[in-house]
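Descriptive structure summary
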Amino acid sequence: MNSYQVDNGLLVCFDGYCNLCSGWINFLIKRDHKDVFTFTSLQSAEFGNILQRSGYKKSTIGSLNSIVVFRSGQVFIRSDAVIEILFALGGLFKVAILLKLIPKYLRNAVYDSIAKRRYRWFGTRDTCRVPSPTEAHKFLE
């Protein structure tokens, strides 16, 4: 793992089987002109290793079913992760920081509602998203 990318940018961990999540990653890659983001899937061994090094128990890792962002030694999940990602995109996306004015339990309720239905609404893939050769430098695995 390239610790520079994790320390000086955002490591975005996503559900590699989810079409919504893969579409979100495509959206980010197209707009990541400053190479801020590095990606790995929730299903990767690297993700499990990173979480364990961050103090999560192995039993927690298997049940984690949310977008996860690592930035500057901090871990963000669910709506907080989405806000961190949007803010890091810069430009007009920085206004996403205002979403933190909404109580976390409400933001996460909306996030959870979408996450619960994402497979039904957007479908799944048979295999995890595989980066193209031009994207490979942005992925841990």
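All of these numbers come straight from a predicted model, not from anything done at the bench.

Looking now at the side chain of Asn 108. If you trace the backbone, Asn 108 turns up in helix H6 (residues 104-122). Other than its neighbours up to four places away in sequence, Asn 108 contacts Arg 78 and Ser 79.

What follows covers unusual backbone geometry. Phi is positive for Ser 72, close to 50 degrees, though the residue is something other than glycine. Among the secondary structure elements, Ser 72 is positioned in the loop between strand E3 (68-71) and strand E4 (74-77). Its relative accessible area of 48% is what places Ser 72 among the partly exposed residues. Positive phi outside glycine occurs at Arg 78, with the angle close to 55 degrees. By the secondary structure assignment, Arg 78 is in helix H5 (residues 78-89). In this structure Arg 78 comes out as partly exposed when scored by relative accessible area, which is 25%.

Here we take up the packing of H5 against H6. Direction vectors running N to C along H5 and H6 enclose 90 degrees, while the axes themselves pass 7 Å from each other. With respect to H6, the axis of H5 lies roughly perpendicular. Within the contact between the two elements, H5 uses Arg 78, Ser 79, Asp 80, Val 82 and Ile 83 and H6 uses Lys 104, Arg 107, Asn 108, Tyr 111 and Asp 112.

Attention shifts here to the confidence of the model for the protein chain. For the protein chain, the average pLDDT comes to 85, and 88% of its residues sit at 70 or higher. No element of the protein chain has a lower mean pLDDT than helix H1 (residues 3-7), which averages 45, and none a higher one than H5, which averages 94. Here residues 1-5 is modelled with pLDDT under 50, and outside its nearest four sequence neighbours on either side it reaches 11 contacts, counting other chains as well.

To continue, consider the packing of aromatic side chains. Scanning the model with the defined rule gives four aromatic pairs in all. Ring centres 5.6 Å apart and planes at 10 degrees place the aromatic pair Trp 24 and Phe 27 in the stacked group. A residue pair is termed a helical-turn pair when its members lie 3 or 4 positions apart in one helix, as Trp 24 and Phe 27 do in helix H2 (residues 19-31) at three residues. Taken together, a centroid distance of 5.4 Å and an interplanar angle of 40 degrees make the contact between Phe 39 and Phe 139 tilted. Linking Phe 39 in strand E2 (residues 37-41) with Phe 139 in the segment after H6, this pair joins segments that are 100 residues apart in sequence. The same class applies to Phe 39 as to Phe 139, namely buried.

Procedures and definitions
- Residues numbered from 1 in each chain as written.
- Predicted model: local features only at pLDDT ≥ 70, side-chain atom pairs only at ≥ 80, totals over all residues.
- Heavy atoms only, no water.
- Helix = DSSP H or I, 4+ residues; strand = E, 2+ residues; numbered from the N terminus.
- Contact = heavy atoms within 4.5 Å.
- Buried < 20%, exposed > 50% of the residue type's maximum accessible area, 1.4 Å probe, protein only.
- Axes fitted to C-alpha atoms, helices over the stretch in contact; angles between N-to-C directions.
- Parallel < 35°, antiparallel > 145°, perpendicular 65-115°, else oblique.
- pLDDT = per-residue confidence, 0-100.
- Phe/Tyr/Trp six-rings, centres within 6.5 Å; stacked < 30°, edge-to-face > 60°.

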